[in-house]
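One-letter residues, chain by chain:
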Amino acid sequence: MDDLTLQRRSPLSDLAERIRAGAVTGDRQVRLTELPFLTMISVRVDPGSPAAAAVEGALGAHLPRSCGQVTADGPHHVLWLGPDEWLVVSETAPSDLHGALTDAVGDAHAAVVDVSANRTLLELSGPSARCVLEKGCPVDLHPRAFEDGRAVMTTLARIPLLLWQTGPDTYRLLPRSSFAQYVACWLLDAMQEFGSDFLDGAAS
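All of these numbers come straight from a predicted model, not from anything done at the bench.

Novice: How should the packing of helix H2 (residues 50–59) against helix H3 (residues 94–105) be read in this particular structure?
Specialist: Pairs of packed helices are described in terms of their axes, by the angle between the two and the distance that separates them. Put simply, H2 and H3 touch, their axes get as near as 8 Å, and they point 150 degrees apart. For the crossing formed where H2 meets H3, the hand is right-handed. For the pair H2 and H3, the contacting residues are Ala51, Ala54, Val55, Ala58 and Leu59 in the first and Leu97, Ala100, Leu101, Ala104 and Val105 in the second. Its residues assigned to classes, the contact of H2 with H3 comprises ten nonpolar, no polar and no charged.

Novice: Would you mind showing me how to read the pairing of strand S7 (residues 122–125) here?
Specialist: Side-chain positions along a regular strand alternate between the two faces of the sheet. Where burial is concerned, the two faces of S7 agree: the one with Leu122 and Leu124 and the one with Glu123 and Ser125 are both buried. Pairing geometry for strand S1 (residues 31–34) and S7, over four bridges, is antiparallel. In the strand pairing of S7, Leu32 is matched with Leu124. Looking at chain direction, S7 and strand S10 (residues 170–175) are connected through four bridges and run antiparallel. When the sheet's bridge partners are listed, Leu122 is paired in S10 with Leu173.

Novice: I would appreciate a short explanation of the layout of surface pockets in the present structure.
Specialist: The method is simple in principle: a probe with the dimensions of a water molecule rolls over the atoms, and the space it marks as empty is what remains. In this structure, the largest pocket encloses a volume near 200 Å³. Taken together, 17 residues line the largest pocket, and the ones lying closest to its centre are Arg8, Phe37, Ser116, Ala117 and Arg119. Of the residues belonging to the lining of the largest pocket, the class tally is eight nonpolar, five polar and four charged. Two domains each put at least three residues into the lining of the largest pocket: domain 1 (13–36 + 120–196) and domain 2 (39–114).

Novice: So what exactly am I meant to see when it comes to the packing of aromatic side chains here?
Specialist: Aromatic ring pairs are reported here in terms of the distance separating the ring centres and the angle at which the planes meet. For the structure on display, the rule yields zero aromatic pairs. The lysine or arginine in question, Arg172, covers the ring of Trp164, its NZ or CZ lying 5.5 Å from the ring centre.

Novice: Which parts of the structure should I look at to understand the pairing of S10?
Specialist: Counting buried positions along S10 yields six of six residues, so the element is predominantly enclosed. Neither face of S10 is left uncovered, since the one carrying Thr170, Arg172 and Leu174 and the one carrying Tyr171, Leu173 and Pro175 both have all their residues buried. Summarising the sheet, strand S9 (residues 159–167) and S10 pair through six bridges and their orientation is antiparallel. Note that in S10 the partner of Leu161 across the bridge is Pro175.

Novice: Hey, could you run me through unusual backbone geometry in this one?
Specialist: Only a minority of non-glycine residues have a phi that is not negative, and only a minority of peptide bonds are not trans. Its identity is not glycine, yet Ala157 carries a phi of approximately 50 degrees, on the positive side. When its relative accessible area of 13% is taken as the criterion, Ala157 is described as buried. If you check the backbone angles, Arg158 has positive phi at about 70 degrees while not being a glycine. In this structure, Arg158 sits in the loop between strand S8 (151–156) and S9. Taking the relative accessible area as the measure of exposure, Arg158 reaches 76% and is therefore exposed.

Novice: Explain the sheet that holds S9 to me, please; I cannot follow it from the model alone.
Specialist: Strand pairing within a sheet occurs via backbone hydrogen bonds; the two strands may be parallel or antiparallel. In spatial order, the strands read S1-S7-S10-S9-S8; together these five strands make up an open sheet with antiparallel pairing. The two strands at the open ends of the sheet, each matched to only one other strand, are S1 and S8. Taking each pair of neighbouring strands and ignoring which way they run, the sheet shows an average axis angle of 30 degrees.

Novice: Looking at this model, I keep getting lost on the domain arrangement of the protein. Mind explaining?
Specialist: When the parts of a complex come together, some accessible area is lost, and that lost area is often taken as the interface size. Domain annotation of the protein identifies domain 1 (13–36 + 120–196) and domain 2 (39–114). Computed over C-alpha atoms only, the centres of domain 1 and domain 2 are separated by 26 Å. Of the roughly 750 Å² buried between domain 1 and domain 2 on both sides combined, carbon and sulfur atoms contribute 75%. Among the residues of domain 1 in contact with domain 2, Ala151, Leu162 and Trp164 are the three that bury the most area, contributing 51% of the side total. Counting across the domain 1 and domain 2 interface gives zero salt bridges.

Quick notes on the rules
- Each chain carries its own residue numbering, running from 1 in the written order of its sequence.
- Totals for whole chains, interfaces and linings use every residue, but because this is a predicted model, local features are given only for residues with pLDDT of at least 70 and side-chain atom pairs only at 80 or more, for both listing and counting.
- As a rule here, side-chain values cover all heavy atoms of the structure and leave hydrogens and water aside.
- Axis definition: a line fit to C-alpha positions, over the contact stretch in the case of helices; interaxial angles, taken between N-to-C directions, run 0 to 180 degrees.
- Helix and strand definitions follow DSSP, with helices as H or I runs of at least four residues and strands as E runs of at least two, each counted in order from the N terminus.
- For a crossing to be left-handed, the near helix must be turned anticlockwise from the far one by less than a right angle; the clockwise case is right-handed.
- Any two residues having at least one pair of non-hydrogen atoms within 4.5 Å are treated as being in contact.
- Following the grouping adopted for this structure description, the nonpolar residues are Ala, Val, Leu, Ile, Met, Phe, Trp, Tyr, Cys and Pro, the charged ones are Asp, Glu, Lys and Arg, and the polar ones are all others, Gly among them.
- Note on exposure labels: buried denotes an accessible area under 20% of the residue type's maximum, exposed denotes more than 50%, and partly exposed covers the range between, all computed with a 1.4 Å probe on protein chains only.
- DSSP-based pairing: two strands are paired if at least 2 bridges between them are found.
- Lining residues are those with an atom within 4 Å of a point, where the points come from a 1 Å grid over the protein atoms alone and group into cavities, where a 1.4 Å probe fits but cannot get out, or pockets, open sets with protein on both sides within 12 Å along at least five of seven lines.
- Grid points are joined across faces, edges and corners, and a volume is the space filled by probe spheres set on the points.
- Start and end positions for the domains come from either an automated domain assignment or a database one.
- Think of it this way: a Phe, Tyr or Trp ring, Trp meaning its six-membered ring, pairs with another when their centres are within 6.5 Å, and the plane angle makes it stacked under 30 degrees, edge-to-face over 60, tilted otherwise.
- Whether a charge lies above a ring is judged from NZ of Lys or CZ of Arg, which has to be within 6 Å of the ring centre and within 35 degrees of the ring normal.
- Each of two parts loses accessible area, computed with a 1.4 Å probe, when they are put together; buried area is these two losses added.
- Here a salt bridge means any side-chain nitrogen of Lys or Arg lying within 4 Å of a carboxyl oxygen belonging to Asp or Glu.

Okay, here's the thing in C-alpha cells:
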C-alpha cells in the first residue's frame, strides 16, 4: 500500500517560491517560512484529574495552567487554550503521540483529537517581525506585555489564529489551513515596507 503521507501538500505549497523571495535582508531583516506537517493534538481533560496527570506523564511536561503559558519537554510543546483545553505541538509522528495520549487518559472523561491537518505553522523572524505583526494584530506585542514563550488566541488582519512567540524576534502563527494562504499573502505584503527596494522608492 502506498504511503499517503508522501502525497501530502502543504496549504502554502503554491506560495513556496513567493515566500522564499519575500525575505527582507539587512538591518530591517524579516523572513517568513512555513513549518508544515507538524503534529498537533488537541487535549481536553479536567486539569485536576488523574487523567491529566497521566497526560503529563506521557508528555514529560506539565499542562499549562494560565492564559498564554507554554510548557515544553523534548519534542513536545503544550500551549494553553482554555482552563481544560491544550494544544500539543510536536515533531513526533501523529499516530504515535495520539496513541500515547489516548492510552494515558484511558476511559476517563477526556478528549484527545489529532488536529494536525486543521492548521499549518508559519514562522516570522527577524528584527522587524514585531513591527510587521503590529500592523494587523490587536495584541500588545511590546516585551513589557508579551514575551518569549507566550501563546494566545488572537486575530491577524481579522483572521483568527494562535500567536506564539518563541524568541526575541521570532513568532509562530497557527492559522486554520483554509486561511493560511490569506495570512501568508498579508504578511508578505506587510513585509515589503522593510525592504530596501521599497525604501529607495519612497525616498525618490
